[in-house]
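# Understanding the architecture of this molecule
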Amino acid sequence: MNTEKVKRVVFKFGTNILRNDEGDISLSRLYSFVEDISRLYKQNKEIIIVSSGSVALGMKKLCPVKTASNTTVDKQAAASIGQPFLMKIWQEGFEKYGITVSQVLLTEDDFSNRKRYLNLRNTLNRLLECGIVPIINQNDTVSTSEVAQVCFSDNDKLSALVASKLDADLLVMVSDIDGLFDKNPKEFDDAKLIPVVEKVTSKIEKLASGASVGGRGGMITKLAAAKVVANSGSSAMIANGKREGIIKKIFNNEDVGTVFLSTNKLSSKQRWIAYATNLRGGVIVNDGAKRALIEKQTSLLPVGIVAVSGCFECGEVINILDETGVEFARGVANYTSGECEKLLGVHSEKIKEILGYNKNDDVISKDNLVLL
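Overview of the structure. Source: prediction; values computed, not measured.

### Digging into the overall build of the chain
Scanning the chain from N- to C-terminus turns up 16 helices and 13 strands. For the chain, whose C-alpha radius of gyration is 22 Å, the value lies close to the compact-globule estimate of 21 Å for 372 residues. Judged by the C-alpha coordinates and their principal axes, the chain covers about 70 × 45 × 45 Å. Counting the 372 residues in the chain, one finds 52% classified as buried. In the chain, the proportion of contacts linking residues at least 24 apart, taken out of those at least 6 apart, comes to 71%. Working note: accessible area of the chain is about 17300 Å², and carbon and sulfur atoms make up 48% of it. For the chain, the distance from the average position of its 48 positive side-chain charges to the average position of its 45 negative side-chain charges is 2 Å.

### Quick look at the pattern of salt bridges
Tallied over the full model, the rule gives 16 salt bridges. Among the salt bridges present, the one from arginine 8 reaches glutamate 46, with a minimum N-O distance of 2.7 Å. Highlighted residues: arginine 8 in strand 1 (residues 8-13) and glutamate 46 in strand 2 (residues 46-51), separated in sequence by 38 residues. Here arginine 8 and glutamate 46 have matching classes, each one buried. For aspartate 156, the salt bridge goes to lysine 12, with nearest N and O atoms at 3.0 Å.

### A short note on the packing of aromatic side chains
What the rule picks out here adds up to 5 aromatic pairs. Pairing phenylalanine 11 with phenylalanine 251 gives two aromatic rings, centres 6.1 Å apart and planes at 50 degrees, and the pair type is tilted. Within this pair, whereas phenylalanine 11 is found in strand 1, its partner phenylalanine 251 is found in helix 12 (residues 246-251), the two being separated by 240 residues in sequence. Comparing phenylalanine 11 with phenylalanine 251 shows no difference in burial state: the two are buried. An aromatic cluster of at least three residues, connected via ring pairs, comprises Phe11, Phe13, Phe33, Trp90, Phe94 and Phe251. In this structure, lysine 165 packs its charged tip against the face of tyrosine 117, placed 5.1 Å from the ring centre.

### Considerations on the state of the cysteines
Summed over the entire model, instances satisfying the criterion amount to 0 disulfides. In this structure cysteine 311 is a free cysteine whose sulfur lies 11 Å from that of cysteine 340, the closest cysteine sulfur available. Looking at cysteine 311, the relative accessible area reads 46%, which means it is partly exposed. Not part of a disulfide, cysteine 340 finds its nearest cysteine sulfur in cysteine 314, a span of 9.1 Å. For cysteine 340, a relative accessible area of 2% gives the class buried.

The rules behind the values
The residue count restarts for each chain, going from 1 along the sequence in the order it is written. Totals for whole chains, interfaces and linings use every residue, but because this is a predicted model, local features are given only for residues with pLDDT of at least 70 and side-chain atom pairs only at 80 or more, for both listing and counting. Side-chain descriptors were evaluated using all non-hydrogen atoms of the structure, hydrogens and water having been removed beforehand. Working definition: helices are DSSP H or I runs of at least four residues, strands are E runs of at least two. Numbering for both runs from the N terminus. Atoms counted for the radius of gyration: C-alpha only. Globule rule: 2.2 Å times residue count to the power 0.38. Working definition: with a 1.4 Å probe on protein chains only, accessible area under 20% of the residue-type maximum means buried, over 50% means exposed, and in between means partly exposed. Pairs of residues are marked as contacts when any of their non-hydrogen atoms sit within 4.5 Å. What sets the accessible areas is the Shrake-Rupley method with a 1.4 Å probe; for residues, cover comes only from the shown protein chains. In summary, the charge assignment counts Lys and Arg as positive and Asp and Glu as negative, without counting His or the chain termini. A charged residue contributes its charge at one atom only: NZ of Lys, CZ of Arg, CG of Asp or CD of Glu. Any Lys or Arg side-chain nitrogen found within 4 Å of a carboxyl oxygen on Asp or Glu counts as a salt bridge. Working definition: a ring pair exists when centres of Phe, Tyr or Trp rings (six-membered ring for Trp) sit within 6.5 Å. Plane angles under 30 degrees give stacked, over 60 give edge-to-face, the rest tilted. Throughout this description, the term charge over a ring refers to an Arg CZ or Lys NZ atom that lies within 6 Å of the ring centre and within 35 degrees of the ring normal. Cysteine sulfur atoms that come within 2.5 Å of each other are treated as a disulfide pair.

Quick look at the structure:
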């Protein structure tokens, strides 16, 4: 791809690419990344790094007398050991090139809460304005859900959220595989690399396999990340960090890795709604309401709601599902889940009669609703 117009780039480094075969940090590889990224920095590109590895690096130092378990508490303890160790290496590497870095640890709530999201966005933009390279990781030590669940436990998803919500031009997922293949290259010798993906379709998604040993992601999570970025109006890329000078090759416009092209352009608010994490509930709508939302792009009225799931507050992003349980949209709720329960199938003119007040005629206003 042509990287000449790329101004803001997010690099995501997976656990397996930052350590050697013995499970220790691969200093030579990491410092080679630092050197190539520093060169881009000198070209006035804005750099954001999402770095995995804290749990894996900390696990080797946790309870050295006995083998540490794979429980959530051990993972969190390991993260608290590995994160400062990992951060120190990044810091010392960039310091040799006169570049200052900052540490940013995130949880799901930083993306699901609108106020916290805007604060995060403003902080990261300010760091970039000041020429600082933010190094981001999940706050594994305090966030149980991130460590235990796949939905946000991989930094592929985290890097996609960062790239999409900070208007990055490119997300580069540096992995231990050359890119996306037409079949699993570990099983088939005739597997062929797919250099460009115009759209992440269901057919493309079927080419993915699961998590790699030692990591928490895999091709499935990378495709999901690429889809988020592409739908946000940016490009994404998967490249093999074990290939010498891979970052230099990418920005020399050599044909390496797999590039995922931009397919859509959501506004900043639409991106926050569409890719909000940690959703606590939603509403199930009938076929008529679904058709109206999709075909006419209307607001969601209480008359179209048949059931409520979970527990949510007014102002939170919620799921919108059809009667088969398939999520097809998301939006910002004008009413709580308890209030919605009382308004099932009700026409808007009866809201005040039932609740004693009327916040809005819509359960979700069309300006705060995004079709997936």
